[in-house]
Amino acid sequence: MADTNSEDDVIRKRLLFDAEGTSGDDKRINTLLKTFMRWCNAKDSGVEESETTYQKMLFTLSQVEFSFEKTQMVMEMNRQEMASYKELCEEIGERLLLMLE
């Protein structure tokens, strides 16, 4: 059973960092990082252009955070559903045993 849990954890982690697992968040994060580096190194950009870039970075960051929170909520919901199904399975098993007696 421990192997199954560790395999599940590995799959969850891969999905969290995989574009298909988080709706392209890895791409968003990479784009955000590149934009941030350009923004930090820009010496001749105007205040208005700098503010626009800053606002774009904040928007991208909020998208990534929202997606992360959504993924966390789905994972918790799935854990609760698994626990519910496990209880239901045990209850059905017990009732079957009672019927067979």
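Check the entry above for the structure.
Being a predicted model, the structure only gives us computed values, none of them experimental. In this convention, every chain numbers its residues from 1, walking through the sequence in written order. It should be noted that, the model being predicted, local features are given only for residues of pLDDT at least 70 and side-chain atom pairs only at 80 or more, the latter also being counted only at that level, while totals for whole chains, interfaces and linings use all residues. Each side-chain value is worked out from all heavy atoms of the structure, with water and hydrogens disregarded.

1. As for the overall build of the protein chain
Move 1: In DSSP terms, a helix is any run of H or I states spanning at least four residues, a strand is any run of E spanning at least two, and both are numbered starting from the N terminus. Across its full length, the protein chain carries three helices and zero strands.
Move 2: Reading the secondary structure of the protein chain in the N-to-C direction produces α-α-α.
Move 3: Whether a residue is buried, partly exposed or exposed follows from its accessible area with a 1.4 Å probe, protein chains only, as a fraction of its type maximum: under 20%, in between, or over 50%, in that order. A total of 101 residues make up the protein chain; the buried ones form 11% of that total.
Move 4: Residue exposure ignores everything except the shown protein chains as possible cover, and the areas themselves are Shrake-Rupley values with a 1.4 Å probe. Roughly 8,900 Å² of accessible area belongs to the protein chain as shown, and the carbon and sulfur atoms make up 59% of that amount.

2. Regarding the packing of helix H2 (residues 25-41) against helix H3 (residues 47-100)
Move 1: Axis definition: a line fit to C-alpha positions, over the contact stretch in the case of helices; interaxial angles, taken between N-to-C directions, run 0 to 180 degrees. Packing of H2 against H3 leaves a shortest axis separation of 10 Å and a crossing angle of 155°. As the angle between them shows, H2 and H3 are arranged roughly antiparallel. As for the relative orientation of H2 and H3, their crossing is left-handed in sense. Of the residues in H3, those in contact with Asp25, Arg28, Ile29, Leu32, Thr35, Phe36 and Trp39 of H2 are Ser50, Thr53, Tyr54, Met57, Thr60, Leu61, Gln63, Val64, Ser67 and Phe68.
Move 2: Following the grouping adopted for this structure description, the nonpolar residues are Ala, Val, Leu, Ile, Met, Phe, Trp, Tyr, Cys and Pro, the charged ones are Asp, Glu, Lys and Arg, and the polar ones are all others, Gly among them. Residues belonging to the contact of H2 with H3 are distributed by class as follows: nine nonpolar, six polar and two charged. Orientation is classified from the angle alone, with under 35 degrees giving roughly parallel, over 145 giving roughly antiparallel, 65 to 115 giving roughly perpendicular, and any other angle giving oblique. Handedness of each helix crossing follows the sense of rotation of the near helix against the far helix: counterclockwise by less than a right angle gives left-handed, clockwise gives right-handed. Contacts are assigned to residue pairs that have any heavy atoms within 4.5 Å of one another.

3. Quick look at H3
In an α-helix, one turn spans 3.6 residues; hence positions three or four apart end up facing the same way.
Move 1: Helix length check: H3 (54 residues) gives 79 Å between terminal C-alpha atoms against 80 Å at 1.5 Å per residue, within 8%.
Move 2: Every buried residue of H3 is accounted for by Met57, Thr60, Val64, Ser67, Thr71 and Met75. Given the number of residues in a helix, its expected span is that number minus one, multiplied by 1.5 Å.

4. Considering the side chain of Thr60
Move 1: Along the chain, Thr60 turns up in helix H3.
Move 2: Overall, the relative accessible area of 18% leaves Thr60 in the buried class.
Move 3: Beyond its immediate stretch of four places on either side in the chain, Thr60 contacts Arg28 and Leu32.

5. Description of the environment of Thr53
Move 1: Mapping Thr53 onto the fold places it in helix H3.
Move 2: Sequence-wise, Thr53 and Thr35 are 18 residues apart; in three dimensions their C-alpha atoms are separated by 7.8 Å.
Move 3: If near-sequence neighbours (up to four positions away) are discounted, Thr53 is found in contact with Thr35 and Trp39.

6. Some details on the environment of Glu65
Move 1: Locating Glu65 in the fold gives a position in helix H3.
Move 2: For the pair Glu65 and Asp25, spaced 40 residues apart in sequence, the C-alpha to C-alpha distance is 9.3 Å.

7. Here we look at the pattern of salt bridges
Move 1: Only one rule defines a salt bridge in this text: a Lys or Arg side-chain nitrogen within 4 Å of an Asp or Glu carboxyl oxygen. Following the criterion strictly, the structure yields two salt bridges and no others.
Move 2: Of the charged contacts in the structure, one is a salt bridge between Arg79 and Glu76, with a shortest N-O distance of 3.3 Å. One end of the pair, Arg79, and the other, Glu76, are both in helix H3, three residues apart, so they sit about a helical turn from each other.
Move 3: Taking relative accessible area as the criterion, Glu76 reaches 37% and is therefore assigned partly exposed.
Move 4: In this structure, Arg95 engages Glu91 in a salt bridge whose closest nitrogen and oxygen atoms are separated by 2.9 Å. Note that Arg95 and Glu91 are positioned in helix H3 at a spacing of four residues, about one turn of the helix.

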